[in-house]
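Here is what each chain is made of, one letter per residue.
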Amino acid sequence: MTKSQLPQAYRHPYEFDPQFKKSVAYFSMEFAIDQALKTYSGGLGFLAGSHMRSAYELKQNVIGIGMLWKYGYYDQTRKTDNAMDVQFREKIYSFLEDTGITFTIDVHHTPVWVRAYYLNPKHFNTVPMFFLTTDIDGNDWLARSITMRLYDSIQSAKIAQCMVLGLGGARLLDELGYEPDVYHLNEAHAVSAAFHLYRKWGSADEVRKRMVFTTHTPEDAGNEKHDINQLNVMSFFGGVPLETVREITGITDNVFNHSLAALRLSRQANGVSTLHGEVSRHLWGGYPDIPEITHVTNAQNQRYWTDPQLEQALQAGDGKAVAERKKVLKAALFKVVADQCGKLFDPNVLTIIWARRFAGYKRPDLLVQDAERFDRLMNQTDYPIQFIWAGKPYPSDEGATHIFNSLIYRSYLHPNMAVLTGYELALSKLLKDGSDLWLNTPVVTREASGTSGMTAAMNAGINFSTYDGWICEFAQHGKNAFIVPVAPPNLSSGERDDQDRNHFFDQLEQEILPMYYDRPDDWNQLTLRSMQDVNTFFGSNRMAAEYYEKVY
């Protein structure tokens, strides 16, 4: 009989809803819970944080297992010339409780001590959560450094991080005397947990009975792969012999694909949007022994993200009240713009925001690449416009950092253009609150879901996007969003970018700006429709319930 009772000190502060009684341990490398807790980098963490909040609201029998990053992801600051800088600073949290639970896992056949900290649900309205660290007495510097930086750039260090989450997270549950019905891997970082379960239960079928897997990656290149012999030397497989690893994962060559192994050791898997589910079935369908891959579309927690006064105006169907409240929220955001950039933005002016993780396929500088047309748009006064960028590149991604800094330098040319640093939960909330138009420019099929536009829409920001990810399930052009046509697949990347860019400019100049300034009633109705539509399906309470229905 499964033991699904946590020790008294860590139990949920509610009786479980009968439909959500099955016990689930949710493993994620990152969680964005609150601005005060720096255990995330971007969208994966935002999604996981909303899931933990909604599981609490729905009284689900879920716990979260993550990592306690000493330096977080990184602090995004500025150099003397205003270019972005990367700072690693120790984070200290008085609200996390030391469980007193310590244990070892082997890394490179050497015992590494792991300690678990507990996040009480009362602090941030989440389910009970546990965070693992190796930065403790008894470890040497190398072992302590494993949990210092989220997504360490050194390959062996990142492998060790995955081992702490997977092997360490599974071992923590044993230390708690807790055997959940479901081990949910949010991405494949924690796949090493499967090998701990194999040693515990003695067969791959017993592992599959308990494990489910969510993939967030829409293309093969994005899935983690390592040399299987290197992983074996690092003790990644938790003492399971290499020939047994090959047998139960079906991997016969020397390339260990983490996602493929997670799929083959799970009884159920899912993509994170309707389109991504289709892409995932196509991507993995040619491999044998793959479980059913369904989809559960990502979502965000409305109670955390939505401005209460905007929600009241929506419930009253009062578009003018929404518009007035937006001006107040924009003014709050513009104080940050003034503080960081020395520019005074006007709440009465249409404000476009591009803000999310800075990555090449998301094309943050797509519009700026046509400098002449961009400058003309920014300088014209018939329909004034304000533009804000924000987001964190991966700290060692020189290409993305160069794009970020090039936008900073270009902003010197325009008093109505700003680039903000410090993109974390608090700034993200201000940006969603203050956006009139939420710009989303990924290459089509490269975005598995994306969720930033959901929270913008909850706060009366209109999505202006390519047709990809969650947008395909939400957007109706001209009714609740503005969508650029999909470029033909036979175009070169340069031709595709040119076509997308021209469509963005055309819609801005010919549809969006005239509506905002000349037909405010139409804009208000568009905003109300967008808010209604996003709230209907893209709240994470729906998502958390759907995981029980379709995956658990």
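Each remark here, short or long, concerns the structure printed above.
In short, a report on the structure.

Scoring rules and cut-offs
Residues numbered from 1 in each chain as written. Predicted model: local features only at pLDDT ≥ 70, side-chain atom pairs only at ≥ 80, totals over all residues. Heavy atoms only, no water. Core = buried A, V, L, I, M, F, W, Y, C linked by side-chain atoms within 4.5 Å. Buried < 20%, exposed > 50% of the residue type's maximum accessible area, 1.4 Å probe, protein only. Helix = DSSP H or I, 4+ residues; strand = E, 2+ residues; numbered from the N terminus. Contact = heavy atoms within 4.5 Å. Salt bridge = Lys/Arg side-chain N within 4 Å of Asp/Glu carboxyl O. Pairing = 2+ DSSP bridges. Axes fitted to C-alpha atoms, helices over the stretch in contact; angles between N-to-C directions. Arc of directions from axis to C-beta.

1. Focus on the nonpolar core
Thinking step 1. In this structure, F236, F237, F256, W389 and W523 are the most contacted members of the largest nonpolar core, which totals 105 residues.
Thinking step 2. No other element matches helix α4 (residues 155–175), which puts nine residues into this core.
Thinking step 3. If we ignore the near neighbours within four places in the chain, the residues touching W523 are L350, D436, L437, I462, F482, I512, M515 and Y516.
Thinking step 4. Ranked by size, the runner-up nonpolar core spans 32 residues in total, among them Y93, F124, V212 and V296.

2. What about the pattern of salt bridges?
Thinking step 1. Following the criterion strictly, the structure yields 31 salt bridges and no others.
Thinking step 2. For K392, the salt bridge identified is with E424, shortest N-O distance 3.1 Å. Residue K392 is found in the loop between β15 (385–390) and α15 (398–411), and its partner E424 is found in the loop between β16 (417–420) and α16 (425–434); the two are separated by 32 residues along the sequence. Here K392 matches E424 in class, with each residue buried.
Thinking step 3. Salt bridges sharing common partners tie together K70, D135, D137 and R144.

3. A few points about the sheet that holds strand β8 (residues 182–186)
Thinking step 1. Ordered by their spatial adjacency, nine strands build an open sheet running β5-β6-β7-β2-β1-β8-β9-β12-β13, and the pairing between neighbours is mixed. Edge positions in the sheet fall to β5 (97–107) and β13 (293–295), since each has one partner strand and no second. Averaged over neighbouring strand pairs, the angle between their axes works out to 25 degrees when direction is ignored.
Thinking step 2. Two elements, strand β6 (residues 110–119) and strand β7 (residues 129–133), share five bridges in a ladder whose sense is antiparallel. Within β7, the position partnered with A116 by the bridge is L132.
Thinking step 3. On top of the sheet, helix α1 (residues 43–57) reaches β1 (24–27), β2 (62–67), β7 and β8; it is set at about 160 degrees to β1, its chief contact.

4. Things to note about helix α14 (residues 371–379)
Thinking step 1. Here α14 has its buried residues at R373, F374, L377 and M378. Angular distribution of buried residues about the axis of α14 spans 130 degrees; they occupy a single face of the element. Facing away from the buried side of α14 by more than 90 degrees, the exposed set consists of E372 and N379.
Thinking step 2. Looking at the buried side of α14, the elements it contacts are β15, α15, β16 and α19 (493–518).

Worth remembering: the numbers are spatial, not functional.
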